[in-house]
Amino acid sequence: MTDNQLQNFLEIATEAALAAGSVLQSYCGNLEKIQEKGRSGDLVTEADKASEAVILEILGRHVPDHAILAEESGNLGDASSKYLWAIDPLDGTTNYAHQYPFWAVSIGLLIDGIPQIGVIYDPLHNELFRAGKGLGATCNRLPIEVSQIPELRTSLLVTGFAYDRRETADNNYAEFCHLTHLTQGVRRSGSASLDLAHLAMGRSDGYWERGLAPWDVAAGVVIVSEAGGQITAYDGSAFEMNSGRILATNGKIHAELSGALLAVPPLSSWGNVPAARDRG
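Residues numbered from 1 in each chain as written. Predicted model: local features only at pLDDT ≥ 70, side-chain atom pairs only at ≥ 80, totals over all residues. Heavy atoms only, no water.

Trainee: Whenever I open this one, helix α6 (residues 214-226) confuses me. Can you help?
Mentor: Along an α-helix, residues three or four positions apart point the same way, because every turn accommodates 3.6 residues. Compared with the 18 Å implied by 1.5 Å per residue over 13 residues, the 18 Å span of α6 between its first and last C-alpha is a close match. Where α6 bends most, the angle comes to about 25 degrees, and this point is Gly220. In terms of residue burial, α6 counts as a mostly covered element, since 11 of its 13 residues are buried. Of the residues making up α6, those classed as buried are Pro214, Trp215, Asp216, Val217, Ala218, Ala219, Gly220, Val221, Val222, Ile223 and Val224. Looking one or two residues beyond α6, the residue adopting positive phi is Gly228, at roughly 100 degrees. (Helix = DSSP H or I, 4+ residues; strand = E, 2+ residues; numbered from the N terminus. Expected span 1.5 Å × (residues − 1). Bend = angle between axes of the 7 residues up to and from the residue. Buried < 20%, exposed > 50% of the residue type's maximum accessible area, 1.4 Å probe, protein only.)

Trainee: Looking at this structure, how should I read the packing of helix α4 (residues 173-182) against helix α7 (residues 254-262)?
Mentor: The angle between the axes and the distance between the axes are what describe a pair of packed helices. For the pair α4 and α7, interaxial distance at closest approach is 10 Å and the crossing angle is 135 degrees. In this view, α4 runs oblique relative to α7, as classed from their interaxial angle. Where α4 crosses over α7, the two elements pack in a sense that is right-handed. Between α4 and α7, the residues in contact are Glu175, His178, Leu179 and Leu182 and Leu257, Ala260 and Leu261, respectively. (Axes fitted to C-alpha atoms, helices over the stretch in contact; angles between N-to-C directions. Parallel < 35°, antiparallel > 145°, perpendicular 65-115°, else oblique. Left-handed = near helix turned anticlockwise from the far one by under 90°. Contact = heavy atoms within 4.5 Å.)

Trainee: Quick question: what am I supposed to make of the side chain of Glu127 here?
Mentor: Among the secondary structure elements, Glu127 is positioned in strand β8 (residues 127-132). Those residues in contact with Glu127 that sit more than four places away from it in its chain are Ile120, Tyr121, Asp122, Cys139, Asn140, His198 and Arg203.

Trainee: Just checking my understanding: could you explain the sheet that holds strand β3 (residues 67-70) for this structure?
Mentor: Strand pairing within a sheet occurs via backbone hydrogen bonds; the two strands may be parallel or antiparallel. Strand order in this open sheet of eight strands is β4-β3-β5-β6-β7-β8-β9-β10, and the pairing throughout is mixed. A strand with exactly one partner marks an edge of an open sheet, and here the two such strands are β4 (74-76) and β10 (142-143). The pairing of strand β6 (residues 104-111) with strand β7 (residues 114-122) spans seven bridges and is antiparallel. Of the residues in β7, the one forming a bridge with Leu109 is Ile117. Running over the sheet, helix α1 (residues 3-27) touches β5 (83-91), β6, β7 and β8 and is turned about 30 degrees from β7. The strands touched by helix α2 (residues 46-62) are β3, β4, β5 and β6; relative to β5, the strand with the most contacts, the crossing angle is about 150 degrees. (Pairing = 2+ DSSP bridges.)

Trainee: Could you clarify how one ought to interpret the sheet that holds strand β11 (residues 157-159) in this entry?
Mentor: The five strands lie next to each other as β12-β11-β13-β15-β14, forming an open sheet whose pairing is mixed. This sheet does not close on itself; its edge strands, each paired only once, are β12 (186-188) and β14 (230-232). The sheet shows a mean angle of 20 degrees between the axes of neighbouring strands, taken without regard to direction. With three bridges connecting them, β11 and β12 associate as parallel partners. Each bridged residue has a counterpart across the sheet, and for Thr159 the counterpart in β12 is Arg188.

Trainee: Quick question: what am I supposed to make of the nonpolar core here?
Mentor: Soluble globular proteins tend to pack their nonpolar side chains together in the buried interior. Of all hydrophobic cores here, the largest spans 36 residues; its most connected members are Tyr207 and Ile246. With residues up to four places along the chain from it excluded, the contact list for Tyr207 reads Val158, Thr159, Ala192, Asp195, Leu196, Leu199, Leu212, Ile246, Leu247, Ala248 and Leu257. (Core = buried A, V, L, I, M, F, W, Y, C linked by side-chain atoms within 4.5 Å.)

Trainee: Before we go on, may I ask you to explain the pairing of β6 in this structure?
Mentor: Regular strands show a simple pattern: their side chains alternate between the two faces of the sheet. Of all eight residues in β6, eight are buried, a share of seventy percent or more. Burial of β6 is two-sided: the residues Ala104, Ser106, Gly108 and Leu110 facing one way and the residues Val105, Ile107, Leu109 and Ile111 facing the other way are all buried. As defined by bridge partners, β5 adjoins β6 across seven bridges and the pair is classed as antiparallel. By the bridge assignment for β6, Ile87 is matched with Ile107.

Trainee: I'm lost on the packing of helix α5 (residues 192-201) against α6 in this one. Help?
Mentor: Contact geometry of α5 with α6 gives a least axis separation of 8 Å together with a crossing angle of 5 degrees. When the interaxial angle is binned, α5 and α6 end up roughly parallel. On the side of α5, the interface is formed by Ala192, Ser193, Leu196, Leu199 and Ala200, while α6 contributes Asp216, Val217, Gly220, Val221, Ile223 and Val224.

Listed below in structure tokens is the structure:
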């Protein structure tokens, strides 16, 4: 795959993300129907569907022979294709439905199973994050890079909670509490793609989450990697797109954060939570 070919795919993804973002802006604050998709809190709106339709039309026009995995439409196109577009037409639907200003369009391209193109568009803040493997990462066409925070105790982390958190003990609550006491703070935004984009910008230093789908992270992993960050499984082994779990950092705190995650005691064993120590 040449740089020119990757650049062409990057421009296609950008066209689709910008068009979808415009659709989402037109619906924002004007929703007529908000539904749950079978799991409590897993919402879909007419905006999700309209945004996805625009993306699919643009991809169908430019790359009709490519496969697509879209959040609302599922698997489309030729399943044997080496090209797979992973699309989240509205990442942060719950935020969007409540007019909480943290949501985005996320479009990633996997080639032979490896994420190689990523575009995340935040229309409300007019921020367009882009990256291609070997092409670097940008925000609004300007180069970006991860932070230089060297240790966990001075870091700011971000995470999220899966829709099944009410039904499973493996719900990330213990990890959230444990790491809140080891760092300068842990944030929960409600948009995995933007969490990764902001990590790539150096606005946070580490991110972990479980219960994710490929369309949540396909774009973000490219952007973080090209911004100099590190992406793995929780234990530091190779990241698997279909595992549902991700650990992403600036690289400098990666081993320490991985170790902290693996050392989290089960929530059932927690008695009195110790007071947070003064960490400067």
